[in-house]
Amino acid sequence: MDIEKILSQMTLEEKAALCQGKDFWHLVGFERLGVPEMMVSDGPHGLRKQDEQADHLGVNESIKAVCFPTAVGTAASFDRELLYQLGEAIGESAQAENLGVVLGPAANIKRSPLCGRNFEYFSEDPYLSAQTAAAYIRGVQSKGVGTSLKHFAANNQEARRMSISAEIRERALREIYLASFEGAVKEGKPWTLMCSYNKINGVYSSQNPWLLNEVLRKEWGFDGMVMTDWGACDDHVQGVASGLDLEMPRAGDSDDLALVKAVREGRLSEKDLDTAVRNLLGTIDKYVTKRNPPAEFDWGVQHHQARKFAREAMVLLKNDGDLLPITGNKKVAFIGGFAAKPRFQGGGSSHINCTEILSALEAVRSVCPVTYAEGFAVDDMEADPARQAEAVKAAAEADIAVLFLGLNDRIESEGYDRRDMKLPPCQNELVKAVCAVQKNVAVVLHNGSPVELPWADSVPAILEAYLGGQAAGGAVVDLLFGAVSPCGKLAETFPLRLEDTPSYLDFPGETDKVYYSEGIYVGYRWYDKRKLPVLFPFGHGLTYTTFAYSNLRLSSDAFDGGELTASVDVTNTGKFAAKEIVQFYVRPDHAGIDRPVRELKGYGKIALAPGETGTVTVTLDRRSFAYWEERIHDWDVEGGRYVIEAAASSRDIRLCAPVEVKGDALRVPVTGDTIMSEIRKIPGARELLNEALGAKEHKMEGGDAAEEAISNEMAEAMSAEMPLHCLGSFNNDLPREFLLSLVEKLNALQGL
Ligand code: BGC
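Residues numbered from 1 in each chain as written. Predicted model: local features only at pLDDT ≥ 70, side-chain atom pairs only at ≥ 80, totals over all residues. Heavy atoms only, no water.

1. So, the overall build of the protein
Looking only at helices and strands, one finds 22 helices and 28 strands in the protein. A compact globule built from 752 residues would reach a C-alpha radius of gyration of about 27 Å, and the protein, at 29 Å, matches this within 12%. Over its C-alpha atoms, taken along the principal directions, the protein stretches across nearly 90 × 75 × 50 Å. The buried share of the protein, reckoned over its 752 residues, is 61%. Accessible area for the protein stands at about 28900 Å²; split by element, carbon and sulfur atoms hold 50% of it. Between the averaged position of the 80 positive side-chain charges in the protein and that of its 109 negative side-chain charges there is a distance of 2 Å. (Helix = DSSP H or I, 4+ residues; strand = E, 2+ residues; numbered from the N terminus. Rg over C-alpha atoms; globule rule 2.2 N^0.38 Å. Buried < 20%, exposed > 50% of the residue type's maximum accessible area, 1.4 Å probe, protein only. Areas by Shrake-Rupley, 256 points an atom, 1.4 Å probe, with all protein chains shown as cover. Lys, Arg positive; Asp, Glu negative; His and termini not counted. Charge placed at Lys NZ, Arg CZ, Asp CG, Glu CD.)

2. What to know about the side chain of Lys150
On the secondary structure map, Lys150 appears in strand β5 (residues 146-152). Judged by its relative accessible area of 1%, Lys150 is buried. Ignoring sequence-local partners within four residues, the contact set of Lys150 consists of Asp42, Leu103, Gly104, Pro105, Ala106, Ala107, Asn108, Arg117, Glu120, Phe181 and Met194. (Contact = heavy atoms within 4.5 Å.)

3. Some details on the nonpolar core
The nonpolar side chains of soluble globular proteins are, as a tendency, buried together. Judged by nonpolar contacts, the single largest core of 190 residues is most densely connected at Phe152, Phe334, Phe404, Leu453 and Leu480. Ranked by residues supplied to this core, first place goes to helix α6 (residues 170-188) with 8 residues. Setting aside residues up to four positions removed in sequence, Phe404 forms contacts with Phe334, Ile335, Gly336, Gly337, Phe338, Ala339, Ala360, Phe376, Val444, His446, Val476 and Leu480. Tyr549, Val570, Tyr642 and Ala648 belong to the second largest nonpolar core, which has 30 residues in total. (Core = buried A, V, L, I, M, F, W, Y, C linked by side-chain atoms within 4.5 Å.)

4. Considerations on the environment of Lys261
With respect to the helices, strands and loops of the structure, Lys261 is situated in helix α9 (residues 253-264). As a C-alpha pair, Lys261 and Asp569 span 308 residues in sequence and 65 Å in three-dimensional space.

5. Things to note about the domain arrangement of the protein
For the protein, the domain assignment lists domain 1 (3-289), domain 2 (307-504), domain 3 (547-661) and domain 4 (676-749). Computed from C-alpha atoms alone, the centre-to-centre distance between domain 2 and domain 4 is 66 Å. (Domains from an automatic or database assignment.)

6. As for the site of the ligand
Lining the immediate surroundings of the ligand are 15 residues, of which Asp42, His56, Arg117, His151 and Asp229 lie closest. Arg48 has a polar side-chain atom sitting 3.2 Å from an oxygen atom of the ligand. For the ligand, the accessible surface in isolation is 310 Å², of which the surrounding protein chains cover 100%. Residues belonging to the shell around the ligand are distributed by class as follows: 5 nonpolar, 3 polar and 7 charged. (Near = heavy atom within 4 Å. Polar contact = N/O pair within 3.5 Å; in protein donor to acceptor, adjacent residues only side chain to side chain. Nonpolar A, V, L, I, M, F, W, Y, C, P; charged D, E, K, R; others polar.)

7. A short note on the sheet that holds strand β9 (residues 203-204)
The strands making up a sheet are joined through hydrogen bonds of the backbone, oriented either antiparallel or parallel. Spatial ordering of the open sheet is given by β9-β8-β6-β18, a layout of 4 strands whose pairing is mixed. Two strands lie at the open edges of the sheet, namely β9 and β18 (513-515), each paired on one side alone. Taken together, the 3 bridges between strand β6 (residues 165-167) and β18 define a ladder with parallel strand orientation. Its bridge partner lying in β18, Ala166 is registered against Val514. (Pairing = 2+ DSSP bridges.)

Listed below in structure tokens is the structure:
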């Protein structure tokens, strides 16, 4: 398409019309200009393509499609290649269905385990979330279909999601909430982005010029199209003026008129409207030129892929005494409603009308005979004594009991948050009753976010199957019986109790604001800093073999920009072939700015046969050591010693290597409010002060009378907190002009 030519031929009314959808799922097309309509559809873990009866919460039916594992699990794979392949599968089906853009992935950070949509989000860690999202985006787009990275930004709860203002300090926004999107935008290059419903610090995301124009486009170089979440447009004119391109779904004619009127009355520049139209035409152009429907398309092939992906998206949390895998001719009992009816996806806009569903009970038939007792129905909250008794009997008569537990859709879904982290009481009761008659108990969990497990100590094996997609049951059986070794690791912390969680006192906020008072201390950053015990730490996951780490080496023991590589050798020291996920954390080891104990900055996954050794290498850069410095509104690297940790989890650090990092010259503008200890850090400041103040500074710091009683160190410490403007106080008789000239000189020293 010749975008500039089309733009020049468009009337003001047509431009305005293009800036909102034609209906629920289509963009407007113009036959006379050769611009086709383009359809978008939810994602992210499969297609939810609706024909008639459109809605945005998955209430009405959509076409049949394959449901892949949800984001909480795919992030636990720590596997960029897997995410790419998942993206390819989704891109291919979208091509077959003539879709221009798939609405996803969702890169919001898991601030609280209670967020109803956590199953759709990747992680509590921005680096992992960004890497995972970027790989998915690249995969989908490699098939010529666009993605819409969502929900930009700070949509971390469902409570009042359409109006709440997330009150977040700059540093937490940059290091945690925006960082997850930043990496995905820079590395994934999504065609489009979807704004969140909520406000950030009082401004709706869809009409926030700082967020959309400054950060997203100017700083991060995003050159695609920005759309609203469905119904997230408060003031369309303000939106377009702020960097928004498309309002979805169609609001109505009055919305077109509002844009036209605003341009005519000079409240919206036609230049801004043209920018939006260019971005929209650019996206439609990509759709047109990359249209390449597959000659043949088979959902059956994708079902098998879904099983393969699901195996890597599950986490073996516990396996005392090597209870798993189940081998030999053991009598096995499957217990719990989820064995026959797995919960494999969440409720809401990502809900897929599956081509088929494979339960564990069905999948196990081809492996070995099992007895089955329901124990509880998936929607039960309170125990049913008869069902429970039947389950206890089945467990007592077996050699091993596998309990399938989980949350139901009423507890966890888009649209509302959970109230607590508990499993339904009937399930906890059942575990207790079964443990009383059977010591070989393995629990399989189907949930989208952490749950409290009050019986964790009395159950030898726990497999977190998450919401593993339509073939989840097959994957569970593959792992339980050892056809494949589990390999996932947690992309989130499992806290012991809700009261320990970082946002406990501030989630979901009381009225129209929610204060992110925990700041940068989200997830493991919080538990580590506060030295809190957890049930299972971030990055934790077991398998059927063991791994030994050796020979951690860095490309250099000093870092001054550029790249630093870290490599570690890993040996499979057990009996099963398996994959290990190695995590690399950066831990500051010097006094300085307040920082998390450690932060994930690299990871790699390696498949090893028994006895085999391989190497995992990651590359770190300046950003791996940086923090967001609010005083300069930019990233800063503090100089000093850092430790690179090669780890099996955030609480299982295997090897460490120090590196001396050369810091940035931090240049914070001096004002009258700058305190002396900060001023003294400026190279040359002490000399300048001595010269300018002479005896006066001496007097200020100690006072004549105190000279004998107070040492120089004490005097320096006492004045450390004193702002520059106070130099004039305490009878030093320093005129204001003199102080102002000092401020100027100190800034000149810094080249400011
Ligand atoms: C959700 C989005 C979704 C959209 C369209 C919204 O309610 O927040 O994630 O893409 O609906 O269904």
